[in-house]
Amino acid sequence: MTDKVKNSFDASYPQPVEWARELLSGAKNVFVFTGAGISAESGIPTYRGAGKGFWDGLRVADWATPQGFARNPEGVWDWYCRRRVQLGSVRPNPGHEALAQLQRRIAGSGGSFTLATQNIDGLHQTAGTENVLELHGSLLAVRCSDCSYAETVGPVALDSPACPECGSRLRPDVVWFGEMLPQDTWRAAEQAASECDLLLVVGTSAVVYPAAGLIETALAGGARSIEVNPEPNGFSGLMNVSIRGKSGEVLPQLLGYR
Ligand code: OAD
Ligand code: ZN
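Scoring rules and cut-offs
- Residues numbered from 1 in each chain as written.
- Chains lettered and ligands numbered in written order.
- Predicted model: local features only at pLDDT ≥ 70, side-chain atom pairs only at ≥ 80, totals over all residues.
- Heavy atoms only, no water.
- Near = heavy atom within 4 Å.
- Polar contact = N/O pair within 3.5 Å; in protein donor to acceptor, adjacent residues only side chain to side chain.
- Areas by Shrake-Rupley, 256 points an atom, 1.4 Å probe, with all protein chains shown as cover.
- Nonpolar A, V, L, I, M, F, W, Y, C, P; charged D, E, K, R; others polar.
- Phe/Tyr/Trp six-rings, centres within 6.5 Å; stacked < 30°, edge-to-face > 60°.
- Helix = DSSP H or I, 4+ residues; strand = E, 2+ residues; numbered from the N terminus.
- Buried < 20%, exposed > 50% of the residue type's maximum accessible area, 1.4 Å probe, protein only.
- Donors = N, O, S within 2.8 Å, 3.2 Å for Na, K, Ca; no water.
- Tetrahedral: all angles 85-135°; square planar, octahedral: opposite > 155°, others 65-115°.
- Pairing = 2+ DSSP bridges.
- Axes fitted to C-alpha atoms, helices over the stretch in contact; angles between N-to-C directions.
- Contact = heavy atoms within 4.5 Å.
- Salt bridge = Lys/Arg side-chain N within 4 Å of Asp/Glu carboxyl O.

Asker: Mind showing me how you'd approach the site of ligand 1 here?
Answerer: Near ligand 1 there are 23 residues, and of these Tyr47, Arg48, Thr204, Ser205 and Asn229 occur at the shortest range. Separating a nitrogen atom of ligand 1 from a backbone N or O atom of Gly37 is a distance of 3.4 Å. Contact distances for ligand 1 include 3.1 Å between an oxygen atom and a backbone N or O atom of Gln118. Contact with the protein chains removes 93% of the 800 Å² of surface that ligand 1 exposes when unbound. The residue makeup of the shell around ligand 1, split by class, is 9 nonpolar, 10 polar and 4 charged.

This is how it looks when you write it as structure tokens:
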């Protein structure tokens, strides 16, 4: 199959979706890496993007750093509560659902499937994907700033940000800029990326590290690669197949679920 794998910019190349289907059908160990784009069609804005990013007009340092939280703990807590409540009214889209079906298909054929996401919205899990590696934590959980207490809370606003174990301040269980990723999750993602034979990158600008390094890990291990994104990112030139489109439309088509 090696000689057939070309970049999708090659004029003699057949439809990217056909190539991607072929790569997928030969894959045994699949590693999927997702970002905000997969949830865009569920109505959750992406962080970056031509004049429409979530961070546009917001100071990341105020809302997504430990220093911002230390300066304004109540304001940051409330801000995440509002975002969390909004998750109560969003639903997975056909892109999330197609990936959940892909997991069942790969598992059913004796292969391995790992999905690592940078998203904190829980939509992969709602769609039925199991063992999701949440690299940047979860908006639907809180944890203690001091001890190991953590709790999944669902899409609700909590007005009592005190740890029931030690009384210290609770915080959203998300990773802020300048913080370490959850180490067990990170190690599991690195291992799956290094062992995969197929990498599927969906809806990420791939600019935030260390998460984006998983793409490099998978490619260094010799994985074939497919990306689904309406726009290119810095890794697009390294992909075997680039499919330019919305994941909620492309993934069901690619995976044969529509
Ligand atoms: P970004 O907002 O940086 O990138 C979103 C990507 O999704 C872009 O490449 C878009 O082209 C693409 N996109 C938009 N609509 C899409 C659609 N319908 N289908 C598929 N793709 C689409 O989001 P991330 O790469 O996830 O971190 O950002 C990484 C991290 O930066 C986030 O986890 C967050 C953020 O700051 C933290 O908060 C720690
Ligand atoms: Zn505590």
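Back to the write-up after that little detour.
Asker: Explain the packing of aromatic side chains to me, please; I cannot follow it from the model alone.
Answerer: Each aromatic ring pair is specified by the distance between its two centres and by the angle formed by the two planes. Taken as a whole and assessed by the stated rule, the structure comprises 4 aromatic pairs. Taken together, a centroid distance of 5.0 Å and an interplanar angle of 20 degrees make the contact between Trp63 and Trp79 stacked. Pair noted here: Trp63 is in helix α2 (residues 60-63) and Trp79 is in helix α4 (residues 73-86), with a separation of 16 residues, a long-range link. Here Trp63 matches Trp79 in class, with each residue buried. Residues Trp79 and Tyr80 carry aromatic rings whose centres are separated by 5.0 Å and whose planes lie at 85 degrees to one another, so their mutual orientation is edge-to-face. Take Trp79: its relative accessible area is 10%, and that puts it in the buried class.

Asker: Any chance you could explain the coordination of the zinc ion (ligand 2) here in plain terms?
Answerer: Geometrically, a metal with four donors at the corners of a regular tetrahedron has ideal angles of 109.5 degrees, and one with six donors at the corners of a regular octahedron has ideal angles of 90 or 180 degrees. Distances from the zinc ion (ligand 2) to its protein donors, Cys144 (SG), Cys147 (SG), Cys163 (SG) and Cys166 (SG), fall at 2.2 to 2.3 Å. Considering all 4 donor atoms around the zinc ion (ligand 2), angles at the metal cover 102 to 119 degrees and the coordination shape is tetrahedral. One chain supplies every donor to the zinc ion (ligand 2), and in sequence these donors are spaced C-x2-C-x15-C-x2-C. Of the residues examined, Cys144 reaches a relative accessible area of 2% and is grouped as buried. Taking the relative accessible area as the measure of exposure, Cys147 reaches 30% and is therefore partly exposed.

Asker: Teacher, can you tell me more about the sheet that holds strand β5 (residues 150-152) here?
Answerer: Two orientations exist for strands paired in a sheet by backbone hydrogen bonds: parallel and antiparallel. Taken together, the 3 strands give an open sheet; going across it, the order is β5-β4-β6, and neighbouring strands pair in antiparallel fashion. The open sheet is flanked by β5 and β6 (170-174), the only strands paired with a single partner. Taking the axes of each pair of neighbouring strands and ignoring which way they run, one obtains an average angle of 35 degrees across the sheet. By the bridge criterion, 3 bridges tie strand β4 (residues 137-144) to β5 in an arrangement that is antiparallel. When the bridges of β5 are listed, Arg143 appears paired with Ala150. Those strands touched by α4 are β4 and β6, and its axis lies near 140 degrees from that of β4.

Asker: Which parts of the structure should I look at to understand the pattern of salt bridges?
Answerer: Proximity of charged atoms lets side chains of opposite charge pair with each other. Evaluated as defined, the whole model comprises 6 salt bridges. Note that Arg169 is salt-bridged to Glu74, the shortest N-O span being 3.3 Å. Placement of Arg169 in the loop between β5 and β6 and of Glu74 in helix α4 is noted, with a sequence separation of 95 residues between them. A salt bridge links Glu179 to Arg171, with the nearest nitrogen and oxygen atoms 2.8 Å apart.

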